Amino acid sequence: MQNKQSGKVAFITGANKGIGFETARGLGKLGFTVVIGSRDAGRGRAAADKLRSEGIESVEAVRFDVTRPGDHKEVARHLQDRYGKLDVLVNNAGVQLEDGDFTSGFNTTSTGNPDILRQTFDTNFFAVVALTQTLLPLIRKAPAGRIVNLSSILGSLTLHSDPSSGIYAKKVFAYDASKTALNAFTIHLAQELRGTTIKVNSAHPGWVRTEMGGSNAPLDLSEGGKTSVQLATLPDDGPTGGYFHLGKPLPW
Ligand code: NDP
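Cut-offs used in this document
- Each chain has its residues counted from 1, running along the sequence as written.
- At least 70 in pLDDT is required for a residue's local features to be given in this predicted model, at least 80 for side-chain atom pairs to be given and counted, and no such filter applies to totals for whole chains, interfaces and linings, which use all residues.
- Side-chain measures here rest on the full set of heavy atoms in the structure, leaving out hydrogens and waters.
- The numbering of helices and of strands both runs from the N terminus, where a helix is a DSSP run of H or I of at least 4 residues and a strand a run of E of at least 2.
- We call two N or O atoms a polar contact when they sit within 3.5 Å, provided that within protein one can donate a hydrogen and the other can accept it, with sequence-adjacent residues counted only if both atoms are side-chain atoms.
- By definition in these notes, contact holds between two residues if any of their heavy atoms fall within 4.5 Å.
- Pairing of aromatic rings covers Phe, Tyr and Trp, the last counted by its six-membered ring, and requires centre-to-centre distances within 6.5 Å; plane angles under 30 degrees mean stacked, over 60 mean edge-to-face, and any other angle means tilted.
- Residue exposure (1.4 Å probe, protein chains only): buried if accessible area is under 20% of the type maximum, exposed if over 50%, otherwise partly exposed.

(A) Looking closely at the side chain of N201. Topologically, N201 is positioned in strand β8 (residues 199–203). Within the structure, the side chain of N201 is placed 3.0 Å from the backbone oxygen of P239, a separation counted as a polar contact. Setting aside anything within four residues of it in sequence, one finds N201 in contact with I147, V148, N149, T186, L231, L234, P239, T240, G241, G242 and F244.

Written as structure tokens, this is what we have:
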């Protein structure tokens, strides 16, 4: 029997490890052709080999740094030449460059280094917007494109401004603001693409034990890719312009 997802192509940025790798694994298991973006070619190849060893056949790695405009053009050319379209873009690569102990309270707003703010926005926001703009013509060629932006609950202004919320006392300013800006991109792009078959959503993966999430995070990596996979495989009547964790909407 033909797998429902076979023939579909997914490009996942920062997929050599962590939540991106887990998302590649999840989509690969569903029958997607998975293109792993990795800024280090060797780490990307190793990730693809690992998935192949688990029985996921249709997987390749491309060397890809999200902050390099030349890499955007290069990957677009590669996807066009090899597949002629892109069904799923998972904007997963991200950085958290500030110090903060997530088990206690902290706030970096008045002490944060402006260079860190700029670097964080370069990776988590400006690069995502530019890459998505570059790949959109290829996504339009797919029958039902899906764009997943890896945000975070820490991008929620509603929760950050609510003294009773769990994140009220945990404020990594550059990271949080970059994810809030990313959420704005989700809403704006989804509105522009209304009336097309393309869906654009923001994902909060949960607090996951990865290099970024740290060892105190409650969620195992096996849980960490679930929201991205769900949003990458939304049915035709699924939502667009939303912000979700495991199918549940989050407040903006
Ligand atoms: P990791 O730090 O474990 O992995 C991040 C990935 O992004 C790595 O593959 C890394 O590559 C890649 N990356 C970083 N900068 C670039 C760049 N310039 N170009 C290309 N790739 C890059 O993080 P997670 O897996 O935990 O996070 C994945 C996403 O989920 C992020 O966007 C994060 O903000 C978000 N998120 C994570 C949460 C968590 O609890 N872990 C919670 C909420 C959101 P390399 O290996 O080369 O460093």
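Picking up where we left off.
(B) Representation of the packing of aromatic side chains in the model. Under the counting rule described, the total for this entry stands at five aromatic pairs. Here F121 and F125 contribute two aromatic rings whose centre-to-centre distance is 6.0 Å and whose plane-to-plane angle is 70°, an arrangement assigned as edge-to-face. Note that F121 and F125 are positioned in helix α4 (residues 114–140) at a spacing of four residues, about one turn of the helix. Taking relative accessible area as the criterion, F121 reaches 17% and is therefore assigned buried. With a relative accessible area of 18%, F125 lands in the buried category. Between Y243 and W252, the aromatic rings sit 5.0 Å apart at their centres with planes inclined by 20°, giving stacked as the arrangement.

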